[in-house]
Amino acid sequence: MMATHEVALGHHAREQAGVGSGVWSWITTVDHKRIGILYGVSAFVFFLVGGIEALIMRMQLARPDSHVVGADTFNALFTMHGTTMVFLAIMPFSAAFLNYMVPLMIGARDVAFPRLNALSYWIFLAGAIFLNASFFVGAPPNAGWFGYANLTTKQFSPGANTDFWLLSLQVLGASSVLAGVNFIVTILNLRAPGMTLMRMPVFVWMALVVQFLIVLAFPPITVGLIFLMFDRFFGTHFYDVTAGADLLLWQHLFWIFGHPEVYILILPAFGIVSEVLPTFARKPLFGAPVVIYSGVLIGFFGFGVWSHHMFAVGMGPVADAAFSIVTMLIAIPTGVKIFNWLATLWGGAIRPTTALHFAVGLIAMFTIGGLSGVMHASPPVDLQQTDTYFVVAHFHYVLIGGSLFGLFAGAYYWWPKITGRLLNERLGRVQFWILLIGFNATFFPQHYLGAIGMPRRIYTYPAGMGWDFWNLVSTIGAFGIALSVFLFAVNAIWSLRAGAMASADPWDGRTLEWRTSSPPPVHNFDDIPLVLGRDTYWREKYGRRAASASTEGGSGGRGGGAAGAQTEAYFAAGRPPTSPPAAAHAIHLPAPSYWPIIAAIGIGVAAAGALLHVAIVIAGALVTVVSLFAFALEHHRNPAHVHQDGTLGIDHRKVAMWTFLGSECMFFGTLIATYLAYRGRSVVGPHPHEILNIPVTSASTFDLLMSSLLMVLALAAVQRGDRGQARLWLFGTALFGLIFLGFQAYEFTSFIHEGLTLRTNLFGSTFFVLTGFHGAHVSLGVAWLVTLLVLDLRGRLGRADAVKVEIAGLYWHFVDIVWIAIFTLVYLIP
Amino acid sequence: MTEIPAVSEPHSDAGHASVATYVKVALILTGVTALEIGVISIRFLTPIVVPLLLAMSAAKFALVVLFFMHLRYDSRVLSGLFIGPLVIAMVIVLALMSLIGAFVTFGR
Amino acid sequence: MTSARHGHRARFIGLVGVAQALGGCAWDSRMSTVSPASDLARSILHVYGIITWATIVIALVVSVTLAIALLRFRDRPGGPLPAQIRGHTLLELSWTIAPALILLVIAIPTIQVIFRTQGPAPKGALQITVRGWQWWWEFRYPGLDIATANELYVPAGQPVALRLEGPDVIHSFWIPRLGGKRDVVPGRINHITFTADTPGEYWGQCAEFCGTSHANMRMRVIVLDHAAFDRWVAAQRAPAPEPSGDAADGKTIFARSACVGCHTIRGLSAGVLGPDLTHFGSRKIFAGGMLPSDAENVTAWIVDPPKLKPGSKMPAVGLTTEQARSVAVYLLSLR
């Protein structure tokens, strides 16, 4: 969805393109670099908020029987601290680097869907503001960032606190999934010529793994939150024990998300370190393919270990043992990464910059966090450690010692690229040492506190438990961390005003972002580079020296044959390689758009409306729908829109749709799993066999199957350019979709007449939510088809637009196959 | 146009199924659906009705994905993007069912 | 058995001895996880010790390697470009396999202990039902017809089988020195089996966040020798003693107030939402184990419970301080 904004070549393209620097230009920006900066600034602000929450908690816990804050305030503080740091600080910090650096590192001009990128950011901001607005109405979430049901149900948390939490988490999830799809397509499909997957920088690889984790892990928690929302707003029984529900459902759904989330938080930092260490050791990453495969394995196994957060719930010895073993297995690829980093430093020529300090700090600190993690991979040990300060210490060694140290390494490393100025290295090192000391003073004693039994999430503790002294030390340490963060802010402001100007390549970098100016022009590269291998820019600079000095061990050196020849060729010619200047005179840049922020405002209004009045929900939803239509259609006739084939030779939109459908598999998988897990648990009737009408459903199933046939016929017609048939079949598909919805409306009303509603029993809750969400998907599909039909009637759906019909078709068929599964699993199986 | 040449489709020149193929697939889908409905009313099939239904459902699912969604003719990358998550989703469905189902017999 | 027990413990304590010398840390405090006083806690510490050693060795290897690399391989101005080594298959294989072997060392005792500690309770175990309420603990002895709160009495040397039931939200039962925690989940039944070694008092508290006063949901396990336990059982099974004087006034006030809706005093009331008070006077602590049972505390509590325990489900029932004092005297007389 690239609009054209023709920009003349040259370093002053920004000025020439009329891209200003006013507030409006930031609101409407679709430039990945600016969006990256927006993410970074927002993340820092929320990081400060979360940090202040932590400091208040530490003040309360500095002494026994303290009264700095009360119980409810403290509970709100730890809930908001966790939620904020995870969703509003570390994730967007990573997103900032991802946005800014991934296109540069793969030699692209922007992301695949620049406006979608802006939409993701604004939705994130809407969710973040909405969550924190809870403070101003005196109802901050207070049931923990993990929100264990049934404490979160209306019965035990009657206030709006939990509503703020569950609504904003859904909004933030939507933002993350949209961004995830966008970046998967970007990385797969927008690589510069020669950038094979194995030549991608490790940071880009980790970004790719993380985006897959996001796209696949958020649907389960979204479903869990939808259940909670329905329980709280509409009286369903998903977490109602008296109706037969199993409270562990929430815990499973939460941790199926929650464990991959740990890797979502840590893998970007691993990626950053994997770039920083080679640069400052002046030596390639040791065993880069193994580091990449380890990251992929960690991501994959990350979906199979969630229950190690639940060893105390009583899953039984078999499940405990199984999840314990898989969890221990994950330690292997993690350990491999650490050893490869050590081997990268070994034999290098280490330049001790601030960025390197933080990267080395990560190795040391994360090792501690990783190893304490191995300790509670063992269920018996975990039963003594879980929910104590030992675990608090553990995950802060992972999230501060790992993620935050990595992100600071990235900040010092890429700051000159982003701002064009250098940070003060001396102040940076002071900041590093203060953080290292403050962090260890805060969290190392917490291992001990946990070992002598101090539980988590307690707002106070009595004297005489032996916990007093080290709690005080921990509190003092926390202020050390705060001082360090303050010094970073000072350094940043100083640098922006008076920092030394940075060259394009201040660190003698190895990857493509150092090949363009600091900061990069709006179009990133004047000409797209040709990629010769891993560390392509280093090869470009050092040529034969780098190539000949390299000892190719293991599988590290494969895939360089053609590139090797090219290397020889251009070094012979004595000039840097670029792809042939295809569009030599103009670079297509996406035009700014204000629809993303309007859509996000609509979503924020709708969320607020859920707490105020249904009319506001409708108003917000209308704004969102209208702006999304405007968004989708604003560049419809743009010629730049037609050809979006990328590295894979496939249209971006098609790759995006398949990625999204993968995410949808997880969404419907979770809904179906819940239906099946709750089968037969309803304590009152009516039960499925008394009420399900198989003949009627068979007819509607047949109808939906036939609509899929019409859909492919429509696509074939559009591809042939047969407009008459295309119109006919599109109309037919939409009509059959409407008929299906009619069947569903009939089914729902007859069930309600027979006494089955959402609120009747578990069967009613699971049945209506599952089939209702399917119906909502069908409705969305019909709306999409009608839009295409209108475009066609206006003569605006030519052969060149076939991919638009194709992606609509993919969506439609997916909805069909979901129904195939539902028909069998819900209706036919007795 | 973004068609990738078919890798292993002999009777398709542009990497594309013909309208006739689509109609054939639709007929098979209809037939299998009819069979599904038939199977549940045949008493002597009761012991194996669940695996039978699951197999038929999976077959329908596969037909739609392979032909209507063109996965059979499209890039392997797209297959990976869909099948990977599908497998993870199915494993999680089974794990969730057994974890929660097992609790029923354990706890009650 | 005993020597093995001491062996593990000695190893663990030896290991932390360094820290102890440096920081003056005590490892045998009230809720220590590394000072076991039951078979269950000892089994756990066995694995705990092995893993702690393994992880410390790995941490040392990593940090020493890191330190050497940082000291040895500094960039020197004008120095040559380091060899551009991209990997080494054998090395990478070895540091994949070595951790796997270490994990095996951890995994085997882990699995053994999982199955050993989660088996069915031995015959002759004392059956006790534990119910976690917002925010106090209820202990019922079904075979003995005893109900108590926040204080769990068990005999030393006899297996105890706890059956965990959740009447409201999720809690977690945890007495660190007697074993690991186990969640109390509404709608499900969980079990803990352990045998306490020696008489003594062991502290614990709820370990799963359960709402406002989660921090105030504490408890103690009092382990008695057999004779003392039998005496305790006999005393608890006796009817509530008849009060006299001020306490008799308190009984009258209690019987007329809203108290009876939630509390049981055998022979007087039958409420089930709050603790059974039949032998309230025999308990050292009350209000979710956060306060010592003395007349002053109990009076203040009756006047305004949420003031002492935030969010308390027990409301102020509108008694004057005078009336509350009488009720307190009555309750404390129920020994």
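Residues numbered from 1 in each chain as written. Chains lettered and ligands numbered in written order. Predicted model: local features only at pLDDT ≥ 70, side-chain atom pairs only at ≥ 80, totals over all residues.

Q: Whenever I open this one, the overall build of chain C confuses me. Can you help?
A: Each helix and strand counted, chain C has eight helices and 14 strands in total. Radius of gyration (C-alpha) of chain C: 27 Å, far over the 20 Å computed for a compact globule of 335 residues. Each of the three principal axes of chain C carries a C-alpha extent, and together these read 95 × 50 × 40 Å. Of all 335 residues assigned to chain C, the portion counted as buried reaches 47%. Nonlocal contacts in chain C, meaning residues at least 24 apart in sequence, comprise 67% of its contacts between residues at least 6 apart. (Helix = DSSP H or I, 4+ residues; strand = E, 2+ residues; numbered from the N terminus. Rg over C-alpha atoms; globule rule 2.2 N^0.38 Å. Buried ≥ 20, exposed ≤ 12 C-beta atoms within 10 Å, placed from the backbone. Contact = placed C-beta atoms within 7 Å.)

Q: Even after reading the chapter, I still don't get the overall build of chain A, so can you show me in this structure?
A: Tallying secondary structure elements over chain A gives 25 helices and two strands in all. Over its C-alpha trace chain A gives a radius of gyration of 27 Å, about what one expects of a compact globule, namely 28 Å for 830 residues. The principal-axis extents of the C-alpha atoms in chain A amount to approximately 80 × 75 × 50 Å. Counted over contacts in chain A with a minimum sequence separation of 6, partners at least 24 positions apart contribute 83%.

Q: Could you clarify how one ought to interpret unusual backbone geometry in this entry?
A: If a residue is not glycine, its phi is most likely negative; likewise, a peptide bond is most likely trans. Residue Pro519(A) follows Ser518(A) across a cis peptide bond; omega there is -10 degrees. When you line up the elements, Pro519(A) lands in the loop between helix H15 (468-498) and helix H16 (536-549). Residue Trp135(C) is reached from Gln134(C) by a cis peptide bond, and omega for that bond is -5 degrees. In this structure, His70(B) takes a positive phi of about 60 degrees despite not being glycine. With respect to the secondary-structure elements, His70(B) resides in the loop between helix H2 (49-68) and helix H3 (76-107). We classify His70(B) as buried; it has 24 C-beta atoms within 10 Å.

Q: How should the nonpolar core be read in this particular structure?
A: Considering soluble globular proteins, one finds that nonpolar side chains tend to be buried as a cluster. Ranked by size, the top nonpolar core spans 383 residues in total, and within it Ala409(A) and Ala714(A) carry the most contacts. When near neighbours in sequence (up to four residues on either side) are disregarded, Ala409(A) contacts Ile272(A), Val273(A), Val276(A), Ala355(A), Phe358(A), Ala359(A) and Leu362(A). Listed in part, the 24 residues of the second largest apolar core include Ile265(C), Phe286(C), Ile302(C) and Tyr330(C). (Core = buried A, V, L, I, M, F, W, Y, C linked by C-beta atoms within 7 Å.)

Q: Whenever I open this one, the sheet that holds strand S3 (residues 146-149) of chain C confuses me. Can you help?
A: Across a sheet, strands are paired by hydrogen bonds formed along the backbone, either parallel or antiparallel in direction. Residues and elements named next belong to chain C. Ordered in space as S3-S2-S1-S5-S8, the five strands form an open sheet in which the pairing is mixed. Either end of the sheet is taken by a strand with one partner, and the two such strands are S3 and strand S8 (190-195). Taken over all neighbouring pairs, the strand axes of this sheet differ in orientation by 25 degrees on average, direction set aside. Sheet topology places strand S2 (residues 136-141) next to S3; four bridges connect them, and they run antiparallel. Looking across to S3, one finds that Arg140 is bridged to Ala147. (Pairing = 2+ DSSP bridges. Axes fitted to C-alpha atoms, helices over the stretch in contact; angles between N-to-C directions.)

Q: Would you mind going over helix H5 (residues 246-256) of chain C with me for this structure?
A: Given 3.6 residues per turn, any residue in an α-helix points the same way as the ones three and four places further on. Residue and element names in this part refer to chain C. Among the residues of H5, Ala247, Gly250, Lys251, Ile253 and Phe254 are the ones counted as buried. Looking down the long axis of H5, one finds its buried residues gathered within 165 degrees of arc, a one-sided arrangement. Where H5 is buried, its residues meet helix H8 (321-333). (Arc of directions from axis to C-beta.)

Q: Help me understand the sheet that holds strand S9 (residues 200-205) of chain C, please; the structure alone is not making it clear to me.
A: Residues and elements named next belong to chain C. Pairing is mixed across the open sheet formed by three strands, whose spatial order is S4-S10-S9. Edge positions in the sheet fall to strand S4 (151-155) and S9, since each of these pairs with one other strand and no more. Going across the sheet, the axis of each strand differs from the next one's by a mean of 25 degrees, ignoring polarity. In this structure, S4 lies alongside strand S10 (residues 218-224), joined through five bridges in parallel fashion. Each residue of the ladder has a partner; that of Pro155, found in S10, is Leu224. On top of the sheet, helix H4 (residues 226-237) reaches S4 and S10; it is set at about 130 degrees to S4, its chief contact.

Q: I tried to follow the interface of chain B and chain A on my own but got confused; where do I start?
A: Accessible area lost during the coming together of the parts is what is often quoted as the interface size. The partner chain A presents 52 residues to the 43 residues of chain B that form the contact. Of all the secondary-structure elements, those providing two or more residues to the side of chain B that touches chain A are helix H1 (19-39), H2 and H3 of chain B. When residues of the side of chain B that touches chain A are assigned to their parent elements, the largest contribution, 20 residues, is made by H3(B). The residue inventory of the side of chain B that touches chain A, partitioned by class, reads 34 nonpolar, seven polar and two charged. (Nonpolar A, V, L, I, M, F, W, Y, C, P; charged D, E, K, R; others polar.)

Q: How should the interface of chain C and chain A be read in this particular structure?
A: Contacts between the two partners involve 77 residues from chain C, matched on the other side by 82 residues from chain A. No other element matches the 16 residues that helix H3 (residues 89-117) of chain C contributes to the side of chain C that touches chain A. A class-by-class count of the residues in the side of chain C that touches chain A yields 41 nonpolar, 26 polar and 10 charged.

Q: In this structure, what is going on with the packing of helix H22 (residues 694-720) of chain A against helix H23 (residues 723-753) of chain A? I would like to understand it.
A: Between two packed helices, both the angle of their axes relative to each other and the distance between the axes serve to describe the pair. Residue and element names in this part refer to chain A. Running from N to C, H22 and H23 point in directions that differ by 160 degrees, and their axes come no closer than 8 Å. The angle between the axes of H22 and H23 places the two elements in the roughly antiparallel class. Once H22 is placed against H23, the crossing between them reads as left-handed. Here the residues of the contact of H22 with H23 sort into 17 nonpolar, seven polar and two charged. (Parallel < 35°, antiparallel > 145°, perpendicular 65-115°, else oblique. Left-handed = near helix turned anticlockwise from the far one by under 90°.)

Q: Mind showing me how you'd approach helix H4 (residues 71-105) of chain A here?
A: All names here are of chain A. Here H4 contains 35 residues, and its C-alpha end-to-end distance of 48 Å stays within 8% of the 51 Å for a straight helix at 1.5 Å per residue. Of all bends in H4, the biggest is about 40 degrees, found at Met85. Taken across its 35 residues, H4 has 32 buried, putting it largely inside the fold. (Expected span 1.5 Å × (residues − 1). Bend = angle between axes of the 7 residues up to and from the residue.)

Q: For this particular structure, what's the right way to read the pairing of S10(C)?
A: It is a general feature of regular strands that their side chains alternate between the two faces of the sheet. Residue and element names in this part refer to chain C. The element S10 is extensively covered by neighbouring structure, given that five of its seven residues are classed as buried. Here S9 pairs with S10 via six bridges, running antiparallel. Note on S10: the bridge partner recorded for Gln205 is Arg218.

Q: Explanation requested: the environment of Gly401(A) in the structure shown.
A: All names here are of chain A. On the secondary structure map, Gly401 appears in helix H13 (residues 389-419). Along the chain, Gly401 and Phe113 lie 288 residues apart, while their C-alpha atoms are 34 Å from each other. Aside from chain neighbours lying at most four places away, what touches Gly401 is Leu362, Met365, Phe366, Ile368, Gly369 and Phe439.

Q: Can you walk me through the packing of H13(A) against helix H14 (residues 425-451) of chain A in this structure?
A: All names here are of chain A. Two elements in contact, H13 and H14, have axes whose closest approach is 7 Å; the angle formed by their N-to-C orientations is 165 degrees. Relative to H14, the element H13 is oriented roughly antiparallel. Of the two elements, H13 crosses H14, and the hand of that crossing is left-handed. Seen from H13, the contacting residues are Tyr389, Phe390, Val391, Val392, Ala393, His396, Tyr397, Ile400, Gly401 and Tyr412; seen from H14, they are Gly428, Phe439, Phe443, Phe444, Gln446, His447, Leu449, Gly450 and Ala451. Each residue belonging to the contact of H13 with H14 can be placed in one class, and the counts come to 13 nonpolar, six polar and no charged.

Q: Before we go on, may I ask you to explain the confidence of the model for chain C in this structure?
A: Atom-level detail of predicted coordinates should not be read off regions where pLDDT is low. All names here are of chain C. For chain C, the average pLDDT comes to 91, and 93% of its residues sit at 70 or higher. In the predicted structure, residues 1-5 sits below a pLDDT of 50 and forms one contact with residues beyond four places in sequence or in another chain. With pTM at 0.93, the complex prediction returns an ipTM value of 0.93. (pLDDT = per-residue confidence, 0-100.)

Q: What exactly am I supposed to notice about the environment of Thr33(C) here?
A: Mapped onto the secondary structure, Thr33(C) falls in the loop between helix H1 (2-23) and helix H2 (39-72). Thr33(C) sits in the buried class, given 26 other C-beta atoms within 10 Å. C-alpha separation for the pair Thr33(C) and Asp168(C), spaced 135 residues apart in sequence, amounts to 28 Å. Excluding anything up to four places from it in sequence, Thr33(C) contacts Gln384(A), Ala451(A), Gly453(A) and Pro176(C).

Q: What is the right way to look at the confidence of the model for chain A in this model?
A: Residue and element names in this part refer to chain A. Confidence along chain A averages 91 in pLDDT terms, with 92% of residues attaining 70 or more. The model gives residues 1-18 a pLDDT under 50, and that stretch makes 43 contacts with residues more than four places away or in other chains. Across residues 580-585, confidence stays below pLDDT 50; counting only partners more than four residues off in sequence or on other chains, it has one contact.

Q: Honestly, the environment of Ala619(A) in this entry has me stumped. Any pointers?
A: All names here are of chain A. Looking at the secondary structure, you find Ala619 in helix H19 (residues 614-633). By the C-beta count within 10 Å, which is 15 here, Ala619 ends up partly exposed. Spatially, the C-alpha atom of Ala619 lies 40 Å from that of Gly299, the residues being 320 residues apart in sequence.

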